[in-house]
Amino acid sequence: MGGRDTGGMSTFLRGLAGALGQAGHRVDIFTRAGATEKEETIVLAPGVRLIIINDGQGSLAKENIYPRCRLIARAVEDFTARKKCCYDLLFSHYWLSGCVGRVLQESVRVPHLIMFHTLGRAKNECCPAEKEPLRRLAEEERLARRCDLVVVAARLEEERVVSYFALPEEKLARITCGFDCSLFKPCGRREARHQLGWPAEEEEKIILSAGRIEPVKDLDLLLEASALLPAEDNFSLRIAGGDEHSRARVARLKEKAAALGLGGKVFFEGIVDHEKMPLYYSAASLTALTSCYESFGLAALESIACGTPVVGGYTGALPELVGKEREAGRFGYLVESRRPDKWAAKMRAVFLGGNAPAAEEIEEHLAPFSWEEAARLLVEKCRAGLPDRL
C-alpha cells in the first residue's frame, strides 16, 4: 500500500472480483508483465484468475502506455484465442485500461464498462500541481460517452461524472466499496502499538496518514495543521506510503516539517503491506485524509472498521462514511475548508473526544459497505441497463 501505482484500485479490483467469483461468476483480471516477468495465470480466489500477459514491451512508465494500447490489446486477444476464452463483459479500470478495452471491444463485441477511479479533470481542478495531460481528459470524455456503462463508487463522484460528461442516468451505475471484515477490525491500540514498536502510552496521540505521496493527497496541509496543535497534546504524525518514486517529495516534506517546528514528531513509514494496515489504523488515535480529491477514500472505510475515527475532507465517500449529521465525532469529522486551523480544530476535537464506538456499532454503521453488496449492485445494474446485451 502507498506505492505510486498501487493503492485503492488494486484493493477494489481484488475485493469485487472475489465477491463476483463467490456469487458464481467467472472473472479474469488482465495485467501486463514487467521486464522480468513471464506470462502466467494465477488463481486468486474461486472463479477469479489474474492473467499476466507478455506483450513484448517490457516495463513501461505510465506515460508510455497510451501509444501502445493497441499492442497491449492484441496481446490480450492472442491469449484469449489460444486459451479459447469467452466473455460476456469487458470491465476496464482507469482510463488507460479503458483505451485498451475499447480496442478489445472491436473484436469481442460485448458490452464495455468503465470505472475511472480518478478523473483527470477533477485532479486538475482540485489540485493543479497534478497537471494531468489534455490527452487523458479527452480520452476520459470519449470513454464516458462510448462505453455502455460508467461505474462509480460514491455519490460525489457520480455527480462529477454527470456534470463533466452530461450522461443519462441509465448509463451510470453507483455501487459501493467494501472491506475485508476478517482483516479490518478493532484489535486494541496498546497491542497494535507494541507490535509496531510505537509508544504504547494512550497519552501520546498518533495521527496516521495512509496512501500514496503525491500532490493530490495534500500532505502539506496535514503538516501545517499539525503544527498548529498545542504542544501539550503530545502527538506524533505517522505517514504510511511512498516508494522510490516519491523520495524527492518525502525529502521536501521532511524539510517543511522541520521548518514548522515538527522535528522529531513526523515519521515516514514507507510502503506497508495491505495485511499490516489494520495494525496501523488500530494504533492511531485518528486517520487524517487531507486529499484535495478522492473518488472514494478507502482508507477512511478501513480506519473506521478498525475503530479509529477519521478527519477528512468533503470528497469521495467521506460524507457517507463520516456523515455531516455525525458532527459529534462518533466516527470522525468532515472539514470542508482547506484552512489548516480548521483541520487542527477537528483533529484536536478527536483527541479530546469521548469513548470510541463499540464493535457492534461499527458493524452496523458499515453494513452497507461490503464486496458482496458491491457485486450484487453491479450485476443488478448490468442486467437492468444492458438487458439486450447479456
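Residues numbered from 1 in each chain as written. Predicted model: local features only at pLDDT ≥ 70, side-chain atom pairs only at ≥ 80, totals over all residues. Heavy atoms only, no water.

### Some details on the overall build of the protein chain
Secondary structure summary: the protein chain contains 15 helices and 13 strands in total. Its C-alpha atoms give the protein chain a radius of gyration of 21 Å, within 12% of the compact-globule value 21 Å for 390 residues. The C-alpha extent of the protein chain, read off along each of the three principal axes, is 65 × 40 × 40 Å. Evaluated residue by residue, the protein chain yields a buried proportion of 52% over its 390 residues. When contacts within the protein chain are restricted to residue pairs at least 6 apart in sequence, those whose partners lie at least 24 apart make up 66%. Split by element, the accessible area of the protein chain, about 18,200 Å² in all, is 49% carbon and sulfur. (Helix = DSSP H or I, 4+ residues; strand = E, 2+ residues; numbered from the N terminus. Rg over C-alpha atoms; globule rule 2.2 N^0.38 Å. Buried < 20%, exposed > 50% of the residue type's maximum accessible area, 1.4 Å probe, protein only. Contact = heavy atoms within 4.5 Å. Areas by Shrake-Rupley, 256 points an atom, 1.4 Å probe, with all protein chains shown as cover.)

### Brief notes about helix α6 (residues 155-165)
Of the residues making up α6, those classed as buried are Leu156, Glu157, Glu158, Val161, Tyr164 and Phe165. Buried-residue contacts for α6 involve α4 (120-126), α5 (134-146), β6 (149-152), β7 (172-174) and α12 (318-321). Remark: Ala166 follows α6 within two positions and exhibits a positive phi of approximately 50 degrees.

### What to know about unusual backbone geometry
Its identity as a non-glycine residue notwithstanding, His117 has a phi of 70 degrees, on the positive side. Topologically, His117 is positioned in the loop between β5 (112-115) and α4. Within the chain, Asp218 stands out as a residue other than glycine whose phi angle is a positive 50 degrees. Of note, Asp218 is situated in the loop between β8 (205-210) and α8 (219-227). Classification of Asp218 as buried rests on a relative accessible area of 18%.

### Notes on the pattern of salt bridges
Going through the model one piece at a time under the given rule, you end up with 28 salt bridges. The residue Glu132 makes a salt bridge to Arg136 at a minimum N-O spacing of 3.0 Å. Accessibility expressed as a relative area gives 16% for Glu132, which makes it buried. Arg338 is the partner of Asp218 in a salt bridge, and the nearest nitrogen-oxygen pair spans 2.8 Å. You can see Asp218 sitting in the loop between β8 and α8 and its partner Arg338 sitting in the loop between β13 (332-335) and α13 (340-351), a full 120 residues away along the chain. (Salt bridge = Lys/Arg side-chain N within 4 Å of Asp/Glu carboxyl O.)

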